[in-house]
Amino acid sequence: MEKTSYDAKDITVLEGLSAVRKRPGMYIGSTGTRGLHHLIYEVVDNSIDEAMSGYCDNIMVALNKDNSVTVIDNGRGIPIKNIDRYKRPAVEIVLTKLHAGGKFGGSGYKVSGGLHGVGVSVVNALSEKLLVEVRRDGYIYSQEYSRGKPVTDLVKGEKTKTHGTAITFYPDPEIFEDLDYKYEILSSRMKEMAFLNRGLKITLIDQREEEGKKEEYRYDGGIVDFVNYLCEKKDCLHKNVIYFQNKDADHEMEIAMQYTSGYSESIFSFANNINTTEGGTHLSGFKGAVTRTINDYARANNILKEKDENLLGEDVREGLTAIISVKLKDPQFEGQTKTKLGNSEIKGFVESTVNTKLAEMLGENPSVARTIINKCLDASRARNAAKKARDLTRKKSLLEGGSLPGKLADCSINDPKFSEIYLVEGDSAGGSAKQARDRRFQAILPLRGKILNVEKARLHKILSSQEIQAIITALGSGIAEDFNIENTRYHKVIIMTDADVDGAHIRTLILTFLYRYMPELIKAGYVYIAQPPLYQVKNAKEVNYAYNDRDLDDLKKKYRGKRINVQQYKGLGEMDPEQLWETTMNPETRTLLKIEVEDALIADDVFSTLMGDKVEPRRKFIEKNARGVSFIDI
Ligand code: 0RA
């Protein structure tokens, strides 16, 4: 294209998109797996906007053989008429100008200002090729782009009676580290979107492999189905999911909730389909109302007597699984990750709705009410017992002077940024690690045998476990609502267990504990898993280590015909300190796996499955994932 054919406004357009290519991370978070997946979410969000406004009920996402992705919806289709100011079709502006999407959107709910909502132009900028096909006003229109620039004009093609948008994009290999979409990540996301938009059908197709895969998600029960799904592996206290909804001119809210016999709370809140992991006004409205209504009911029915103290929020939420979904015209997202809903009017709207409707429900279902209140009373008794236990431990550690656990071999520097702590399975491996470490910045805490399964115990019992106490005091950051990341004594918390089934189990127990009681630690990226080798392969001259069976095969090939000695390590204790240092602890040579919980919903599900009460789902999960899956893949 001739440079001279652009006017001033168009030049800013081009600058806009070249900024996206220069600093992609600013727009999609990263150029790794996460960013790659955001490209799909961005396009799908636009289709979902159409669905939320009532114009679309069918979306298809296909992963194609050539690493491209196709998203098709039956919405109105991106407008194709020329925009006066630009003298170009609207669809071209939407695809080439930052944030142009909202300009012609008019009314309706928008997935904007949240995690994504940066606009499809960002996807276009980061794709080596993009094809758009719009069905609208009786015709099929199409256009092709490359790296954000049109390579054809919008072409008017065949007649059609249908409407909708189809976008096929090829993520740019110059930008992305790899182009490998993870089916599991996409399926859980698409499922979530289908749950949150009752009746919307989303089809996910994977055509990359010979066999191919295809799944359809459509939930006519919406978030009630969502809660049932989350509770599949839990033991429910009442039969039907409790459901409320309310609507006014600018807001919609829906809540689905179910009490289970478990001890953790699994409450997920959404605003315009965005998972508000930092909470916000909708969540606090909900929490306030549940606490108040349950207390009111318990007092009115003389279950709580005059002299009794009120039930606290944590008491009335123990074992509660809930989804709170609000939709609003002008969502304000705040907080560090822009996932905290700020609209103040929403709090009262949710609070008064839940106050009224939950009270009604309890009044009409006295036996359900009784079951729920008993669970809350149980929780409150356990909390009081835990407090006594905690006060005792606090006093005890004061009496003993210094509060660090005796088994901890601390490091000598005290700048958390540069300090690491190894949580090591077993006293003997702990001993080797103490000899192996660089004591300036590496601390060692040996843990004896299996730690308590926190998924099956209340805080009270958890706090009385010595191993757990040692972890809490060593990390220094407190626990649950007392947690404060500023006080964390190490910015690397490294779990080092044997490479066998027991080791994997202990690792999962520790991770479950950290996930349930110190999730901020994981979110901050402070939690790692050490990778000790499985084999030592020695010949006359060299020593090599294999970290998995493939490494071992490679080494065997390398030394074919030569005499080698292969030693399998059954546990960390079989390595001498030098080997342990060299293979697993030396920052120059080791590999650490960072724990990332991409999606709290998946993690909740995995932990309930692996650590909860029901045996059957656990057996199925283990069978399905038997081959080398650890939950880091999620
Ligand atoms: C701008 C305005 C309108 C719809 C869209 C964009 C739109 C974008 C995408 C991206 C994928 N699917 C989409 N569907 C629609 C409003 C259309 C109108 O007012 O008629």
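Parameters and conventions
Residues numbered from 1 in each chain as written. Predicted model: local features only at pLDDT ≥ 70, side-chain atom pairs only at ≥ 80, totals over all residues. Heavy atoms only, no water. Axes fitted to C-alpha atoms, helices over the stretch in contact; angles between N-to-C directions. Helix = DSSP H or I, 4+ residues; strand = E, 2+ residues; numbered from the N terminus. Parallel < 35°, antiparallel > 145°, perpendicular 65-115°, else oblique. Left-handed = near helix turned anticlockwise from the far one by under 90°. Contact = heavy atoms within 4.5 Å. Nonpolar A, V, L, I, M, F, W, Y, C, P; charged D, E, K, R; others polar. Phe/Tyr/Trp six-rings, centres within 6.5 Å; stacked < 30°, edge-to-face > 60°. Buried < 20%, exposed > 50% of the residue type's maximum accessible area, 1.4 Å probe, protein only. Lys NZ or Arg CZ within 6 Å of the ring centre and 35° of its normal. Pairing = 2+ DSSP bridges. Core = buried A, V, L, I, M, F, W, Y, C linked by side-chain atoms within 4.5 Å. Near = heavy atom within 4 Å. Polar contact = N/O pair within 3.5 Å; in protein donor to acceptor, adjacent residues only side chain to side chain. Areas by Shrake-Rupley, 256 points an atom, 1.4 Å probe, with all protein chains shown as cover. Salt bridge = Lys/Arg side-chain N within 4 Å of Asp/Glu carboxyl O.

Run through the packing of helix α8 (residues 281-300) against helix α10 (residues 344-364), naming residues and quoting values.
At a closest axis distance of 7 Å, the pairing of α8 and α10 adopts a crossing angle of 30 degrees. Classified by the angle their axes make, α8 and α10 are roughly parallel. Our pair here, α8 against α10, has a crossing hand that is right-handed. When α8 is examined against α10, the residues Thr281, His282, Ser284, Gly285, Phe286, Gly288, Ala289, Val290, Arg292, Thr293 and Tyr297 are found in contact with a partner set consisting of Ser344, Ile346, Lys347, Val350, Glu351, Val354, Asn355, Leu358, Ala359, Leu362 and Gly363. Residues that form the contact of α8 with α10 fall into these classes: 10 nonpolar, 9 polar and 3 charged.

Outline the packing of aromatic side chains, listing residues and values.
Overall, the coordinates contain 5 aromatic pairs when judged by the stated rule. Considering the side-chain rings of Phe195 and Tyr219, the 3.9 Å spacing of their centres and the 20 degrees angle between planes classify their relative orientation as stacked. Here the residue Phe195 occupies a position in helix α6 (residues 183-196), and Tyr219 occupies one in the loop between β11 (213-217) and α7 (223-231), the gap between them amounting to 24 residues. Each member of the pair, Phe195 as well as Tyr219, is classed as buried. Both rings, one in Phe195 and one in Tyr229, keep their centres 5.4 Å apart while their planes meet at 40 degrees; by these two values the pair is tilted. With Phe195 in helix α6 and Tyr229 in helix α7, this residue pair connects regions lying 34 residues apart in the sequence. What makes Tyr229 partly exposed here is its relative accessible area of 26%. Looking at Arg76, its charged tip hangs above the ring of Tyr55, at a distance of 3.9 Å from the centre. Across the ring face of Tyr183, the terminal group of Lys213 is positioned such that the distance to the ring centre comes to 4.3 Å.

Outline the sheet that holds strand β20 (residues 442-447), supporting the account with residue identities and numerical values.
Strands in a sheet are paired, the pairing made by backbone hydrogen bonds, and the direction either parallel or antiparallel. Pairing is mixed across the open sheet formed by 5 strands, whose spatial order is β20-β19-β21-β22-β26. The open sheet has two edge strands with one neighbour each: β20 and β26 (592-594). Strand-to-strand twist in this sheet, taken as the mean axis angle between neighbours without regard to direction, amounts to 25 degrees. As paired strands, strand β19 (residues 420-425) and β20 are joined by 6 bridges and run parallel to one another. Within β20, the position partnered with Val424 by the bridge is Pro446. Together, β19, β20 and β21 (492-496) form the strand contacts of helix α14 (residues 466-475), whose direction differs from that of β20 by roughly 165 degrees.

Run through the nonpolar core, naming residues and quoting values.
With 64 residues, the main nonpolar core has Ile40, Val61, Phe169, Tyr181 and Ile323 as its most contacted residues. Examining the composition of this core, we find that 9 residues originate from one element, helix α3 (residues 33-52), more than from any other. Apart from residues lying up to four places away in sequence, Val61 is in contact with Ile40, Val44, Val69, Thr70, Val71, Met190, Thr203, Leu204 and Ile205.

Before we move on, could you go through unusual backbone geometry and cite the residues and values that matter?
Residues other than glycine seldom take positive phi values, yet Lys87 does so here, at roughly 55 degrees. Summarising the element assignment, Lys87 is placed in the loop between β3 (82-83) and β4 (88-89).

Tell me what's going on with the site of the ligand, and back it up with residues and numbers.
The immediate surroundings of the ligand are formed by 10 residues, with Asn46, Asp73, Arg76, Ile78 and Arg136 found nearest. One of the side-chain N or O atoms of Asp73 is found 2.7 Å from a nitrogen atom in the ligand. One of the side-chain N or O atoms of Arg76 is found 3.3 Å from an oxygen atom in the ligand. With the chains in place, 90% of the 460 Å² that the ligand exposes on its own is no longer accessible. With 3 residues, α3 is the largest single contributor of residues to the shell around the ligand. When the residues that make up the shell around the ligand are grouped by side-chain class, the tally is 2 nonpolar, 4 polar and 4 charged.

Could you give me a rundown of the environment of Gln207, with the residues and numbers involved?
Of note, Gln207 is situated in the loop between β10 (201-206) and β11. A C-alpha to C-alpha distance of 5.2 Å links Gln207 and Asn64, two positions 143 residues apart in sequence. Apart from the residues within four sequence positions on either side, Gln207 is in contact with Leu63, Asn64 and Lys65.

Which residues make up the packing of α6 against α7, and what are the values?
Put simply, α6 and α7 touch, their axes get as near as 7 Å, and they point 135 degrees apart. In terms of orientation, α6 lies oblique with respect to α7. Judged by residue contacts, Lys191, Glu192, Phe195 and Leu196 of α6 engage Ile223, Asp225, Phe226 and Tyr229 from α7. Its residues placed into classes, the contact of α6 with α7 shows 5 nonpolar, no polar and 3 charged.

Give me the sheet that holds strand β16 (residues 320-328): which residues, what numbers.
Ordered in space as β12-β13-β16-β14-β15, the 5 strands form an open sheet in which the pairing is mixed. Two strands lie at the open edges of the sheet, namely β12 (242-247) and β15 (274-275), each paired on one side alone. The pairing of β12 with strand β13 (residues 251-259) spans 6 bridges and is antiparallel. Pairing of Gln245 across the sheet is with Glu254, part of β13. Its contacts with the sheet place α6 against β14 (266-271), β15 and β16, and it is angled at close to 70 degrees to β16.

Kindly report on the pattern of salt bridges, identifying the contributing residues and their values.
Within this structure, the stated rule accounts for 31 salt bridges. Notably, a salt bridge pairs Glu128 with Arg147, separated by 3.9 Å at the nearest N-O pair. One end of the pair, Glu128, is in strand β5 (residues 127-136); the other, Arg147, is in the loop between β6 (139-146) and β7 (149-150), with 19 residues separating them in the sequence. Note on Glu128: relative accessible area 33%, which makes it partly exposed. In this structure Arg147 comes out as partly exposed when scored by relative accessible area, which is 27%. In this structure, Arg136 and Asp137 form a salt bridge, with 3.8 Å as the shortest nitrogen-oxygen distance. The exposure class of Arg136 is partly exposed, given its relative accessible area of 21%.

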